[in-house]
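The chain contents come next:
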Amino acid sequence: MVQKLLVLQSLWAMERRHTDGFERSLEENVEMIVNEQFDGVSEEWTDRQLVRRLSPLVKAAGLVAEGQCFPKTIDDLKPVLENAVECGVHHLNIQPDIRPRRLQECIPLLEGWRRLAEQVDFPVYFETHRNRMTADLYFVLDLLDCLPDLRLVGDLSHFLVGREFPFPVPAEETGYIHRIIENCWAFHGRVASREQVQIEISYPHHRMWLDLFLEWWEFGFRSWRSKAPADGTLAFVCELGPKPYAITAADGNDSTDRWAEALLMRKLVQERWEAIADPV
């Protein structure tokens, strides 16, 4: 039995949003992902018709899927779980679409979602993300004090830009990020600077931020390997989003080729995984 890293590609990140108005079909995007030998896809899992259209494409190619959802109430999760049971997912990713000011408002919701998750045979995680319950680094740390076993999907870009960490990142802030990472059971791949949530990873002057995220992800890989089962699979989603996440040039279009950067990110992440892949 061997632990494996699965690198998925976000279908949201496949959107062009180009000024020429052209968008590829779902089938064309999946074909691109298959041809480049990704291990799976990430997509919103709330629209049953979309899920039923996507799932056969994923299964025929031998891929896995991360399902995403954005519940506001406990009951909002029920139809998403039904979709996931019917069509299958590697894991379900919850972005809690509420913004409580107090921890006491969060705990009943998180506990309710986790009770529902106990009824299915796939993992259900909670993503760290801006404009969600998990937007603020300190708030999420307090949540983990209340629920130490809360399993997260780490999109660390939101914490870096949200707290506007200086570079190099001070030891105290690094410790906070490590505390988050220790609860991560999957990752979303995006590189931020202290001012922008998604920067071009192919630009040489952004290398310091890219290296920082690679270090954090490697820490996450090591942490996950120490707690996951011997045959476990860790999902890493390349999620270089379209504008306004992507920085645009004067013509209103991406300043880089996001697809090429997704392939670069996958290569760099796989290299980090392989460097630590000797048996624990």
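Residues numbered from 1 in each chain as written. Predicted model: local features only at pLDDT ≥ 70, side-chain atom pairs only at ≥ 80, totals over all residues. Heavy atoms only, no water.

Colleague: What is the right way to read the overall build of the protein chain from this model?
Modeller: Helices and strands together make up the secondary structure of the protein chain, namely 9 helices and 8 strands. Computed over C-alpha atoms, the radius of gyration of the protein chain comes to 18 Å, within 12% of the 19 Å expected from 2.2 N^0.38 for 280 residues, which places it in the range of a compact globule. Each principal axis of the C-alpha distribution contributes one length, and for the protein chain these read about 45 × 45 × 40 Å. When the 280 residues of the protein chain are sorted by exposure, 52% land in the buried category. Long-range pairs, those at least 24 residues apart, make up 79% of the contacts in the protein chain between residues at least 6 apart in sequence. Roughly 12,600 Å² of accessible area belongs to the protein chain as shown, and the carbon and sulfur atoms make up 50% of that amount. (Helix = DSSP H or I, 4+ residues; strand = E, 2+ residues; numbered from the N terminus. Rg over C-alpha atoms; globule rule 2.2 N^0.38 Å. Buried < 20%, exposed > 50% of the residue type's maximum accessible area, 1.4 Å probe, protein only. Contact = heavy atoms within 4.5 Å. Areas by Shrake-Rupley, 256 points an atom, 1.4 Å probe, with all protein chains shown as cover.)

Colleague: I tried to follow the environment of lysine 59 on my own but got confused; where do I start?
Modeller: Examined against the element boundaries, lysine 59 turns out to sit in helix α2 (residues 48–60). The exposure class assigned to lysine 59 is exposed, which follows from its relative accessible area of 52%. Counting along the chain gives 212 residues from lysine 59 to glutamate 271, while the straight-line C-alpha distance between them is 27 Å. Contact partners of lysine 59, with chain neighbours within four places excluded, come to Glu86 and Cys87.

Colleague: Help me out: how do you make sense of helix α5 (residues 137–146) in this one?
Modeller: It helps to recall that an α-helix has 3.6 residues per turn; residues three or four apart then point in one direction. When α5 is considered as a whole, its buried residues turn out to be Leu137, Phe139, Val140, Leu141, Leu143 and Leu144. On its buried face, α5 sits against α4 (103–117), β6 (152–154), α6 (157–163) and α7 (171–181). At the N-terminal boundary of α5, the capping side chain belongs to aspartate 136, with an oxygen 3.1 Å from the backbone nitrogen of tyrosine 138. (Polar contact = N/O pair within 3.5 Å; in protein donor to acceptor, adjacent residues only side chain to side chain.)

Colleague: Could you clarify how one ought to interpret the packing of aromatic side chains in this entry?
Modeller: For any two aromatic rings, the description comes down to two numbers: the centre-to-centre distance and the angle of the planes. Applying the stated criterion across every chain yields a total of 12 aromatic pairs. On the basis of an interplanar angle of 85° and a centroid distance of 5.0 Å, the ring pair of tryptophan 12 and tyrosine 245 is categorised as edge-to-face. Within this pair, whereas tryptophan 12 is found in the loop between β1 (4–10) and α1 (26–35), its partner tyrosine 245 is found in the loop between β8 (233–238) and α9 (258–275), the two being separated by 233 residues in sequence. The class for tyrosine 245 is buried, based on a relative accessible area of 16%. Seen from their ring centres, tryptophan 113 and phenylalanine 126 are 6.2 Å apart, and the 40° between their planes marks the pair as tilted. Residue tryptophan 113 is found in helix α4, and its partner phenylalanine 126 is found in strand β5 (residues 124–127); the two are separated by 13 residues along the sequence. Among the residues examined, tryptophan 113 registers a relative accessible area of 0% and is labelled buried. On the accessibility criterion, phenylalanine 126 (3% relative accessible area) is buried. Among the aromatic residues, those joined into a ring-pair cluster are Phe187, Phe213, Trp216, Trp217, Phe221, Trp224, Phe236 and Trp273. (Phe/Tyr/Trp six-rings, centres within 6.5 Å; stacked < 30°, edge-to-face > 60°.)

Colleague: I tried to follow the nonpolar core on my own but got confused; where do I start?
Modeller: A general feature of soluble globular proteins is that nonpolar side chains tend to end up buried together. Formed by 90 residues in total, the largest nonpolar core has its most connected members in Trp45, Ile180, Trp216, Trp217, Phe221 and Phe236. No other element matches helix α8 (residues 207–227), which puts 9 residues into this core. When near neighbours in sequence (up to four residues on either side) are disregarded, tryptophan 217 contacts Leu156, Phe187, His188, Gly189, Arg190, Val191, Phe236, Met265 and Val269. (Core = buried A, V, L, I, M, F, W, Y, C linked by side-chain atoms within 4.5 Å.)

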